[in-house]
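These are the residues of each chain, in order.
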Amino acid sequence: MRVLVVEDDPDLNRQMKAALTEAGYAVDTAFDGEDGHFLGDTEPYDVVVLDIGLPKMDGVRVLEQWREDGRTMPVLILTARDRWSDKVSGFDAGADDYVTKPFHMEEILARLRALVRRAAGHATSDLDCGPVRLETRASRVTVSGNPIKLTSHEYRLLAYLMHHKDRVVSRTELIEHLYDQDFDRDSNTIEVFVGRLRKKLGADIIHTVRGLGYLASEDPGKA
Ligand code: CA
């Protein structure tokens, strides 16, 4: 999953980037409204954290512009405690959720997990595919109840495919959603990661769809 953080406070921006990276996201950051708007307009994010009080272009305007241009990714806004009206204008501009500053990082992480899984059509935090279970709260994977140790890249790949279970995901889409802006993208690495992931899982749930991409499914015939 790939997340954009738009926050002008450098310490808070850095803390969020660290916490989100630790939680397994590919993270891009922006420090003002213009840069943030540009990234959200040109890169495909699974979820966005958007501060409302931003230099150059305020958060509500950024969000309005994205929505006008048809960008539908879930957006969590950050508002100041005493600015209830920011929440109202934020929701009216197309926000999906909000957190009031100051906040606990755990709350941001939990809300982002909920937004990501809701956007993919899942109501619960554990996702199942055959014997494989992805526990998004703990970033943990089990096969028939046994924990499997994955690297952060392998986890991210599996998480993306399982959030989009029974849908063919192209290599390009995977690359766009698994790596941040600065990553040296090489589509061959996806095949390498898929190979390693299959070996570690031991279960046959990741299928190659020739010429199209990959599919996580316990029953590929129905996809
Ligand atoms: Ca701010």
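The structure this text deals with has already been given above.
The text that follows walks through the structure, step by step, so that each part is easy to find.

Turning our attention to the nonpolar core. Grouped together as the largest cluster of nonpolar side chains are 48 residues, with contacts concentrated most on Leu112, Val132, Leu158, Leu174 and Leu201. The element contributing the most residues to this core is helix 6 (residues 152-163), with seven residues. Lining this core are residues from two domains, each supplying at least three of them: domain 1 (2-119) and domain 2 (126-222). Setting aside chain neighbours within four positions, we find leucine 174 in contact with Leu157, Tyr160, Leu161, Val169, Ile190 and Tyr214. Counting 19 residues, the second-largest nonpolar core is a separate cluster that includes Leu39, Ile52, Val62 and Val75.

This part covers the pattern of salt bridges. For the coordinates displayed, the defined rule picks out 19 salt bridges. One salt bridge connects arginine 140 with glutamate 135, and the closest N-O pair in it is separated by 3.0 Å. Taking the relative accessible area as the measure of exposure, glutamate 135 reaches 16% and is therefore buried. We note a salt bridge from glutamate 218 to lysine 165, for which the minimum N-O separation is 3.2 Å. With a gap of 53 residues between them, glutamate 218 in the segment after strand 11 (213-216) and lysine 165 in the loop between helix 6 and helix 7 (171-178) connect regions that are remote in the sequence. Ionic contacts of the salt-bridge type, sharing partners, join the residues Arg2, Asp28 and Glu43 into one network.

This part covers the sheet that holds strand 2 (residues 26-30). Read across the open sheet, the five strands follow the order 2-1-3-4-5; overall the sheet is parallel. Edge positions in the sheet fall to strand 2 and strand 5 (97-101), since each has one partner strand and no second. When the angles between neighbouring strand axes are averaged without regard to direction, this sheet yields 20°. Strand direction decides the pairing type here: strand 1 (residues 2-6) and strand 2, joined by five bridges, are parallel. Across the sheet, residue leucine 4 finds its bridge partner in strand 2, namely aspartate 28. Across the sheet, helix 1 (residues 10-22) is in contact with strand 1, strand 2, strand 3 (47-51), strand 4 (75-80) and strand 5; its angle to strand 2 comes to roughly 170°.

Thresholds, definitions, all that
Residues numbered from 1 in each chain as written. Predicted model: local features only at pLDDT ≥ 70, side-chain atom pairs only at ≥ 80, totals over all residues. Heavy atoms only, no water. Core = buried A, V, L, I, M, F, W, Y, C linked by side-chain atoms within 4.5 Å. Buried < 20%, exposed > 50% of the residue type's maximum accessible area, 1.4 Å probe, protein only. Helix = DSSP H or I, 4+ residues; strand = E, 2+ residues; numbered from the N terminus. Domains from an automatic or database assignment. Contact = heavy atoms within 4.5 Å. Salt bridge = Lys/Arg side-chain N within 4 Å of Asp/Glu carboxyl O. Pairing = 2+ DSSP bridges. Axes fitted to C-alpha atoms, helices over the stretch in contact; angles between N-to-C directions.

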